[in-house]
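Below, each chain spelled out in residue letters.
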Amino acid sequence: QVQLVESGGGLVQAGGSLRLSCAVSGSTFSLNTMGWYRQAPGKQRELVAVISSAFSTNYADSVKGRFTISRTTAEKTVYLQMNSLKPEDTAVYYCKMEHRVSGLDYWGKGTLVTVSS
């Protein structure tokens with residue numbers, strides 16, 4: 001059974017930092033594109049950052065220069081380092097895996113990030 005488990009969310013003041021983790025189990029990892037998405041109250045889920053199997057990255061304009069996505073193959077984990085957090089970054093953050101072989105997408109259950117002003 002494929003599982004993605006996010007951790008690292010919490011309450012932080014504006015200007016602070018958090019590091020999110022997403023651990024993958026029950027699946028291969030190295031060939032798959034991994035991404036972080038977020039959904040704020042009353043808004044649609046949006047892409048935050050994505051990292052390919054070749055470690056190329058892409059970011060939403062709103063987080064460029066503040067967030068960094070990374071991955072470790074040995075630990076089958078993807079990270080999101082979030083610096084200079086703003087109240088508008090408040091959302092539930094979800095991890096997504098695009099399984100290259102099956103073509104299926106897998107999601108974690110999310111972790112809540114709250115940034116106070």
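All figures in this text were calculated on a predicted structure; none of them were measured in a lab.

Relative to the helices and strands, Glu6 is located in strand S1 (residues 3-7). This buried residue, Glu6, is left without a salt bridge; Arg45 holds the nearest opposite charge, at 7.5 Å. For Glu6, the side chain forms a polar contact with the main-chain nitrogen of Lys109, separated by 3.1 Å. A polar side-chain atom of Glu6 sits 2.9 Å from the main-chain amide nitrogen of Gly110.

Another point: the sheet that holds strand S7 (residues 67-72). Strands sit in the order S1-S3-S8-S7 across an open sheet of four strands; the sheet is antiparallel. The open sheet has two edge strands with one neighbour each: S1 and S7. Going from strand to strand, the sheet's axes swing by 15° on average, the running direction of each strand aside.

Calculation rules
Residues numbered from 1 in each chain as written. Predicted model: local features only at pLDDT ≥ 70, side-chain atom pairs only at ≥ 80, totals over all residues. Heavy atoms only, no water. Helix = DSSP H or I, 4+ residues; strand = E, 2+ residues; numbered from the N terminus. Buried < 20%, exposed > 50% of the residue type's maximum accessible area, 1.4 Å probe, protein only. Lys, Arg positive; Asp, Glu negative; His and termini not counted. Salt bridge = Lys/Arg side-chain N within 4 Å of Asp/Glu carboxyl O. Polar contact = N/O pair within 3.5 Å; in protein donor to acceptor, adjacent residues only side chain to side chain. Pairing = 2+ DSSP bridges. Axes fitted to C-alpha atoms, helices over the stretch in contact; angles between N-to-C directions.

None of this, on its own, says anything about what the molecule does.
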